Amino acid sequence: MVGLKIAYVPGVTPGKWLTRWNERYPQNPLTALRYDGEDILGRLGSQESDAVFVRFKTGESPKTPKIHVIPLYDEQPVVCAAKDHDLELYDEPVSLADLADQPFLDLADYPEEIGGTAMAMEVCSSGAGLLVLPLSVARLHHRKDVIHKELSDVPTTSIGIAWVAPVGDEPEDPVIAEFIGVVRGRGENSSRQASVAQKQQEEAEIARKRRQSSQSEQAKAAKKAEAKKKSAARTGRKPGAKRGGKPAGRGGKR
């Protein structure tokens, strides 16, 4: 196998998968980078990444005929506010109805060119408005002057792993399939791992050829024995009798 190039959206912590991969396949280095851009799936089309961890609204998978996506887990949404905000007085979880009279920041107004989520959190810390984020992203951009509370009644987001689907009858890339198995928690010796399945197929093929060879040898031996038996029957001799033996005399020795 060869190495892999992985990208992931902010908030994803792929360390355990990378560690597991490197422990199993140290000869196949895996490179991973956090991608803060808007279209991480575009990295698949441009072949910048072999697989990506993507975020999407729960139930709205970005899977297409050209891209495979496997959902991995859902994320908890939270609402962020400046540290001295009244949000501190609420018990968790908080509902949007409780915050109906509050201004909210729109993350779309903070593209990466002007600082992205980090900039939105800075504005939030000023008291300009509340900000809704996945819990993992809020923790990633944690600030001492910003608090967050669990939000109960907003759509959740999900994290999934995506990779390019094979074209036509092309098989899955075995290296990518192996990594997908690692991410999904399959053991090193799981029969669903691509490398294990391939090894089992190869061993089964070797065993099949051995059986065929053994059966062929047995068939040849049986055929040879049958031919020898028929030959003996035609000559009136028992199988295994020696030629040239003297016939037994009728009388005794005179």
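Our subject is the structure that appears above.
Residues numbered from 1 in each chain as written. Predicted model: local features only at pLDDT ≥ 70, side-chain atom pairs only at ≥ 80, totals over all residues. Heavy atoms only, no water.

What about the nonpolar core?
Counting 32 residues, the largest nonpolar core has Leu 4, Trp 21, Phe 53, Ile 161, Ala 162 and Phe 179 as the members making the most contacts within it. At the level of secondary structure, the elements contributing two or more residues to this core comprise β1 (4–8), α1 (15–24), β3 (51–57), β4 (67–75), β8 (157–164) and α5 (174–183). For this core, the element with the most residues is α5, which contributes 6 residues. Apart from residues no more than four positions distant in its own chain, Ala 162 is found in contact with Leu 41, Leu 44, Ala 51, Val 52, Val 54, Ile 67, His 68 and Val 69. (Core = buried A, V, L, I, M, F, W, Y, C linked by side-chain atoms within 4.5 Å. Buried < 20%, exposed > 50% of the residue type's maximum accessible area, 1.4 Å probe, protein only. Helix = DSSP H or I, 4+ residues; strand = E, 2+ residues; numbered from the N terminus. Contact = heavy atoms within 4.5 Å.)

Quick word on the packing of aromatic side chains
In this structure the tally under the stated criterion is 4 aromatic pairs. Judged by centre distance (4.5 Å) and plane angle (55 degrees), the rings of Trp 21 and Tyr 25 are tilted. Of the two residues, Trp 21 and Tyr 25, neither departs from the other in class, the shared state being buried. (Phe/Tyr/Trp six-rings, centres within 6.5 Å; stacked < 30°, edge-to-face > 60°.)

Looking at the sheet that holds strand β7 (residues 146–150)
If you walk across this open sheet you meet the 3 strands as β6-β5-β7, and the pairing is antiparallel. Strands at the two margins of the open sheet, each flanked by one partner only, are β6 (131–134) and β7. Within the sheet, the average angular offset between the axes of one strand and its neighbour, ignoring direction, is 35 degrees. By the bridge criterion, 5 bridges tie strand β5 (residues 77–82) to β7 in an arrangement that is antiparallel. Residue pairing for β7: Val 78 is matched across the bridge by Glu 150. (Pairing = 2+ DSSP bridges. Axes fitted to C-alpha atoms, helices over the stretch in contact; angles between N-to-C directions.)

Topic: the side chain of Arg 43
With respect to the secondary-structure elements, Arg 43 resides in helix α2 (residues 42–45). Take Arg 43: its relative accessible area is 10%, and that puts it in the buried class. If we ignore the near neighbours within four places in the chain, the residues touching Arg 43 are Ala 7, Leu 33, Tyr 35, Glu 48 and Ser 49.

Points about a nonpolar patch on the surface
On the surface, a cluster of nonpolar side chains totalling about 200 Å² of accessible area is made up of Leu 96, Phe 104 and Val 132. Relative to the assigned elements, Leu 96 resides in the loop between β5 and α3 (116–125). You can call Leu 96 partly exposed: its relative accessible area is 32%. (Patch = residues over 30% accessible without salt bridge, like charges linked within 9 Å, V, L, I, M, F, W, Y side chains within 5 Å. Areas by Shrake-Rupley, 256 points an atom, 1.4 Å probe, with all protein chains shown as cover. Salt bridge = Lys/Arg side-chain N within 4 Å of Asp/Glu carboxyl O.)

Points about a negative patch on the surface
Together, Glu 38, Asp 39, Glu 112 and Glu 113 make up a region of like negative charge exposed at the surface. A relative accessible area of 69% means that Glu 113 is categorised as exposed. (Lys, Arg positive; Asp, Glu negative; His and termini not counted. Charge placed at Lys NZ, Arg CZ, Asp CG, Glu CD.)

Don't take any of this as a statement about function, it's just geometry.
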